[in-house]
Amino acid sequence: MLPVERHRFITEILSQRGRILVQEVAQLCRISLETARRDLALLERRGILQRSHGGAVFAQHAASGTASVPSQIEQGESFRDRSNQSPDSKTRIAKRALQLINPGDCLLLDSSSSSWFLSRQLPDIQLVVLTNSVHIIQTLAVKANVRVIGLGGEYSAKYEDFVGVLAEQMLKEFVINKLFFSCHGISHEGGIRESNEHHARLKQQMLLSSEHKILLADASKFGRRSFARICHYREIDTLITDHLEDEEFRQELAWSNVNVIEVSPSPLQKKTKNSRNGPLAAANN
């Protein structure tokens, strides 16, 4: 880790927790105790922190008694609001995503409502699941054969998840077979985007840590303007959606080697369903 990266890392931990120990800096950044002390001394000269015995406190925390919380973290809709949007589409997408999961897989699920819908569909088979979502952890806790690893960090009551440098750092220790994630918006020009920079940065690290990247995005995500960039769509392997109307965008995804899977019934399937009053025919690939 370069010095500038260490300094940003230390500053973010301090902004989240208010304090840090020298030994923690050394362990998290994989540097000597002496280098950790020099980093803290430099940041103290810049007015970012105030050193104390064995560690340091955030400068604003020392002055006011409360840690500063980055304002961008609360931008966007709450988890509860998102979980009530397009539940039928998200259920169909989740059921189709199950076909990409095999016993023994190590999965990474982000804290999106789409991933939560997927977690509710997961069978009780041998899996390892990493996630930063409180709801997904609670959902999978009752499945005896699913090993769940929670990513720590700064807790957001609005999103009911954990984000920040601690979660990002933890991801660097794993090699994950498949990432299932969603986004706030996706478009030709802007790529795949999030409503705030903290979730965008965590998802960037999720992409780096995963071998196969699967985006779960219902039709409402297409063309939506969003604050922070996650990645270009060429960086994902598969898009599972309920419906993709834009044929030009479909062609661009094909040129980028993105496998597009649509799960909405065709007009013929809808007519068959209504006439038979039976279950939906198999989803399109």
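Residues numbered from 1 in each chain as written. Predicted model: local features only at pLDDT ≥ 70, side-chain atom pairs only at ≥ 80, totals over all residues. Heavy atoms only, no water.

Looking at an unreviewed UniProt entry, one finds the protein chain named DeoR family transcriptional regulator, with Rahnella inusitata as its source organism.

K.L.:
Before we move on, could you go through the sheet that holds strand E1 (residues 19-21) and cite the residues and values that matter?
P.N.:
An order of E1-E3-E2 is seen for the three strands of this open sheet, with the pairing classed as antiparallel. Strands at the two margins of the open sheet, each flanked by one partner only, are E1 and strand E2 (49-52). Pairwise comparison of adjacent strand axes, ignoring direction, gives a mean angle of 20° for this sheet. As paired strands, E2 and strand E3 (residues 55-58) are joined by four bridges and run antiparallel to one another. Paired with Leu-49 across the bridge in E3 is Phe-58. Sitting on the sheet, helix H2 (residues 22-29) is in contact with E1 and E3, with an inclination near 75° to E1. Against the sheet, helix H3 (residues 33-45) engages E2 and E3, with an angle of about 135° to E2. (Pairing = 2+ DSSP bridges. Helix = DSSP H or I, 4+ residues; strand = E, 2+ residues; numbered from the N terminus. Axes fitted to C-alpha atoms, helices over the stretch in contact; angles between N-to-C directions. Contact = heavy atoms within 4.5 Å.)

K.L.:
I'd like a description of helix H7 (residues 113-121), backed by residues and values.
P.N.:
The buried count for H7 comes to seven of nine residues, which makes it a mostly enclosed element. Three or more residues of H7 are buried, namely Ser-113, Ser-114, Ser-115, Trp-116, Phe-117, Leu-118 and Ser-119. Where H7 is buried, its residues touch helix H5 (79-83), helix H6 (87-97), strand E4 (106-109), helix H8 (134-140), strand E9 (176-181) and strand E12 (210-216). (Buried < 20%, exposed > 50% of the residue type's maximum accessible area, 1.4 Å probe, protein only.)

K.L.:
I'd love a proper account of the pairing of E9, names of residues and values included.
P.N.:
Within E9, five of the six residues are buried, which leaves it mostly tucked inside the rest of the structure. Relative to E9, E4 runs parallel, the two being bridged by three bridges. By the bridge assignment, Leu-109 is partnered in E9 with Phe-180. As judged from the five bridges shared by E9 and E12, these two strands associate in the parallel manner. By the bridge assignment for E12, Ile-176 is matched with Ser-210.

K.L.:
Got a sec to walk through the packing of H6 against H7? Specific residues and values, please.
P.N.:
One way to put it is that H6 packs onto H7 with a least axis distance of 8 Å and a crossing angle of 55°. Relative to H7, H6 is oriented oblique. Read as a crossing pair, H6 and H7 show a hand that is right-handed. Mapping the contact onto sequence places Pro-87, Lys-90, Thr-91, Ala-94, Lys-95 and Ala-97 in H6 and Ser-113, Ser-114, Phe-117, Leu-118 and Gln-121 in H7. Its residues assigned to classes, the contact of H6 with H7 shows five nonpolar, four polar and two charged. (Parallel < 35°, antiparallel > 145°, perpendicular 65-115°, else oblique. Left-handed = near helix turned anticlockwise from the far one by under 90°. Nonpolar A, V, L, I, M, F, W, Y, C, P; charged D, E, K, R; others polar.)

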